[in-house]
Amino acid sequence: MNDAAQDVSDGDRTGASAEALLGTAGIARREVGSAESQRASRAWWDADADDYLGEHSADIGQVDFVWSPEALREADARLLGDVAGRRVLEVGCGSAPCSRWLATQGASPVGLDLSAAMLRHARAAGVASGVAVPLVLAGAEYLPFADASFDIACSAYGAVPFVADPGRVMREVHRVLRPGGRWVFAVNHPMRWVFPDDPGPDGLVVGQSYFDRTPYLEVDDDGAATYVEHHRTMGDRIRDVVAAGLVLDDVVEPEWPDGHERIWGQWSPLRGKLFPGTAIFVTHRPA
Ligand SMILES: C[S@@+](CC[C@H](N)C(=O)[O-])C[C@H]1O[C@@H](n2cnc3c(N)ncnc32)[C@H](O)[C@@H]1O
């Protein structure tokens, strides 16, 4: 869930918070379809881009591929295999540090994101770092690419937790991958859903059912969504992958490393030592 959800009046921010800009008035639990989810996500990430990057740019870097708050790096994990010379689609690239890192490894990445504000940061970071990558403004449920146009697709917490129809994202990625191509995506670990988004001891107490798929929303005074997160159980995620025609090769649950003290929203050493915070699904389109 949203890092700032429990602190709507965040006083540390210099500009207005995303909640203030969007008129967030409370939290709701109800069904929400693709159109409203996408509208809310676009508005949220546009409004929150400056704050998100102000808070997390030290975690994600400018030219670096960090999979998760456990600080698992692609340079160490090599979940994408050999990327040199490969066409790579990053889904939900944000400011695109992962795509830039891939470019430095000899890949030809394309970063796709729903948020123009995030892509503005991506473009500026490309200029500042000297590693520019192509960027595409689009939602993950309808990928604007030809069939079989990529060798690899990846996503580090981009898009998948925020869409109403993740099965559709899986089918779209399957379509744009060449046969044999790999798709690796990281999401918040499904078991986190049962706990409140609190990095401290209160975040160790079960508060809701793992089996309740009702989306988490923040809403304005009219009840319109200003932020949306969708829950899938582990079984749901695996079924989405398999139903799309992809093969599941591995599920990586990064362990919290010794000496890593960084708190990132609900992800903390306290909780990370006890249960997983991230699930990374390693899949491929059959040859
Ligand atoms: C938590 S950020 C992760 C991005 C990047 N890995 C990072 O750490 O900055 C999530 C990103 O997913 C994007 N996103 C959310 N919903 C999306 C959708 N339906 N289609 C494409 N991108 C989406 C957001 O705009 C945001 O940039």
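Before reading further, recall that the structure is shown in the block above.
My aim in this report is to walk through the structure given alongside it, one point at a time. (Residues numbered from 1 in each chain as written. Predicted model: local features only at pLDDT ≥ 70, side-chain atom pairs only at ≥ 80, totals over all residues. Heavy atoms only, no water.)

Our focus in this paragraph is the pairing of strand 10 (residues 278-284). Among the seven residues of strand 10, six are classified as buried, and the element is accordingly described as predominantly covered. Taken together, the seven bridges between strand 6 (residues 177-188) and strand 10 define a ladder with antiparallel strand orientation. Pairing of Val184 across the sheet is with Val282, part of strand 10. Sheet topology note: the strand 9 (residues 247-252)/strand 10 ladder contains five bridges and is antiparallel. Bridged to Asp250 within strand 10 is Val282. (Buried < 20%, exposed > 50% of the residue type's maximum accessible area, 1.4 Å probe, protein only. Helix = DSSP H or I, 4+ residues; strand = E, 2+ residues; numbered from the N terminus. Pairing = 2+ DSSP bridges.)

Here the focus is the pattern of salt bridges. Under the defined criterion, the tally for this structure stands at 13 salt bridges. Salt-bridge contacts for Asp212 lead to Arg29; the nearest nitrogen and oxygen are separated by 3.7 Å. Placement of the pair is Asp212 in the loop between strand 6 and strand 7 (216-219) and Arg29 in strand 1 (residues 26-29), with a sequence separation of 183 residues. In this structure, Asp64 and Arg73 form a salt bridge, with 2.8 Å as the shortest nitrogen-oxygen distance. A single network of salt bridges, built from pairs that share partners, joins Arg87, Asp151 and Arg178. (Salt bridge = Lys/Arg side-chain N within 4 Å of Asp/Glu carboxyl O.)

Inspection of the secondary structure puts Gly15 in the segment before helix 1 (18-22). Assessed through its relative accessible area of 45%, Gly15 is described here as partly exposed.

What follows deals with the state of the cysteines. Counted under the stated rule, the structure contains zero disulfides. Cys93 takes part in no disulfide bond, and the closest cysteine sulfur to it belongs to Cys98, at a distance of 8.8 Å. (Disulfide = S-S within 2.5 Å.)

Among the structural elements, Ser115 can be located in the loop between strand 3 (108-113) and helix 5 (116-129). Taking relative accessible area as the criterion, Ser115 reaches 1% and is therefore assigned buried. Polar contacts involving the side chain of Ser115 include one to the side chain of Asp46, which spans 2.7 Å. Sequence-distant contacts of Ser115, that is, excluding residues within four places in its chain, are made with Trp45, Asp46 and Leu137. (Polar contact = N/O pair within 3.5 Å; in protein donor to acceptor, adjacent residues only side chain to side chain. Contact = heavy atoms within 4.5 Å.)

Further remarks concern the nonpolar core. Among the nonpolar cores identified, the biggest contains 36 residues, and Phe65, Trp67, Leu80 and Leu102 are the most heavily contacted of them. Those elements giving two or more residues to this core turn out to be helix 2 (34-60), helix 4 (97-104), helix 5, strand 5 (150-156), strand 6 and strand 10. For this core, the leading source of residues is helix 2, giving seven residues. Excluding residues within four positions of it along the chain, Phe65 makes contact with Leu72, Arg73, Glu74, Leu80, Cys98, Trp101, Leu102, Cys154 and Ala156. Membership of the second largest hydrophobic core comes to 27 residues, among which are Phe145, Met170, Val187 and Phe281. (Core = buried A, V, L, I, M, F, W, Y, C linked by side-chain atoms within 4.5 Å.)

Our next topic: the sheet that holds strand 10. Strand order in this open sheet of seven strands is 4-3-2-5-6-10-9, and the pairing throughout is mixed. With partners counted over all chains shown, the strands left at the sheet margins are strand 4 (135-137) and strand 9, one partner each. The mean angle between the axes of side-by-side strands here comes to 15°, regardless of whether they run parallel or antiparallel. The pairing of strand 3 with strand 4 spans three bridges and is classified as parallel. Note on strand 4: the bridge partner recorded for Asp113 is Leu137. Of the strands in this sheet, strand 2 (87-91), strand 3 and strand 5 touch helix 4, which is tilted by about 175° from strand 3. (Axes fitted to C-alpha atoms, helices over the stretch in contact; angles between N-to-C directions.)

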